[in-house]
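Fold and geometry: a report
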Amino acid sequence: MTTQHSRRNFLRGQLSRPDAPPMRPPGAQARFMDLCTGCGDCVRACPEAILVLRESRSGPRPVVDFAQGGCTFCGACAEACEPGALSLETVPDWPWKAVVSDSCLSLNGVSCRACEDSCDPRAIRFRLMTAGRAAPILDTDCCTGCGDCAVTCPAGAISFEIPETQTERLA
Ligand code: SF4
Ligand code: SF4
Ligand code: SF4
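Residues numbered from 1 in each chain as written. Chains lettered and ligands numbered in written order. Predicted model: local features only at pLDDT ≥ 70, side-chain atom pairs only at ≥ 80, totals over all residues. Heavy atoms only, no water.

As annotated in an unreviewed UniProt entry, the chain carries the name Ferredoxin-type protein NapF and is attributed to Alloyangia sp. H15. Database annotation for the chain, UniProt heading Sequence similarities (unreviewed entry): "Belongs to the NapF family." The record in UniProt for the chain states the following under Cofactor (unreviewed entry): "[4Fe-4S] cluster". (UniProt positions renumbered as here; feature names shortened; annotations may be inferred.)

**Some points on the overall build of the chain**
Looking only at helices and strands, the chain features 6 helices and 6 strands. Secondary structure elements of the chain, listed N to C terminal, follow the sequence α-α-α-β-β-α-β-α-β-β-α-β. Within the span of the chain, comprising 171 residues, buried residues form 44% of the whole. Counted over contacts in the chain with a minimum sequence separation of 6, partners at least 24 positions apart contribute 66%. On the chain, roughly 9,000 Å² of surface is accessible, and the fraction owed to carbon and sulfur atoms is 49%. (Helix = DSSP H or I, 4+ residues; strand = E, 2+ residues; numbered from the N terminus. Buried < 20%, exposed > 50% of the residue type's maximum accessible area, 1.4 Å probe, protein only. Contact = heavy atoms within 4.5 Å. Areas by Shrake-Rupley, 256 points an atom, 1.4 Å probe, with all protein chains shown as cover.)

**With respect to the site of ligand 2**
For ligand 2, the full set of nearby residues is Phe32, Cys36, Thr37, Gly38, Cys39, Gly40, Asp41, Cys42, Pro62, Cys81, Pro83 and Leu86. Among the residues making up the shell around ligand 2, the classes are represented as 8 nonpolar, 3 polar and 1 charged. (Near = heavy atom within 4 Å. Nonpolar A, V, L, I, M, F, W, Y, C, P; charged D, E, K, R; others polar.)

**Some points on the site of ligand 3**
Near ligand 3, the surroundings consist of Cys119, Pro121, Ile124, Leu138, Cys143, Thr144, Gly145, Cys146, Gly147, Asp148, Cys149 and Phe160. Its residues placed into classes, the shell around ligand 3 shows 8 nonpolar, 3 polar and 1 charged.

**Focus on the pairing of strand E2 (residues 59-64)**
For E2, the buried fraction is high: 5 of the 6 residues fall into the buried class. Of the pairings in the sheet, the one linking strand E1 (residues 51-56) to E2 comprises 6 bridges and is antiparallel in character. Each bridged residue has a counterpart across the sheet, and for arginine 54 the counterpart in E2 is arginine 61. Hairpin connection between E1 and E2: a loop of 2 residues separates the two successive antiparallel strands. (Pairing = 2+ DSSP bridges.)

Shown next as structure tokens:
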């Protein structure tokens, strides 16, 4: 995916997918659902307290919840996972990218730059529009999917999706 292409798509959240898989912890393996026992060790190991166990068809499984904070990609969750459902080796392979919805305050003429201010990689910038509005533009090449922007967004306008379709393993 080119930067130009991804910017155009993410500007309007065109990659939104209602059937997006749950956001598993960083390092989730291809056989995550087979390997994970639902023991909760990763949840207890996360220093940011952003992992929660959620019911699935196979029982409780961990998901990332950005309500409390962002992920530092420290790898503590993968380190704690004895069954090997999470692996440190694939921690950098975090596929999620932020998407800003139309409920963004700035997009609706209310002054706000909370996401831009919270984004260390500087993946968000704003393009001025008419009537005092400004459109958030996401550079998906820079976005790490850390979730810091979602934590600070007062409108809850930021969600996360996997841009490409290799999502079955995380379902
Ligand atoms: S990588 Fe670290 S901060 Fe991120 S979910 Fe795992 S333990 Fe938590
Ligand atoms: S530590 Fe591993 S096996 Fe246990 S709940 Fe977390 S991902 Fe599943
Ligand atoms: S998820 Fe992280 S890197 Fe991506 S836009 Fe939000 S704050 Fe920036």
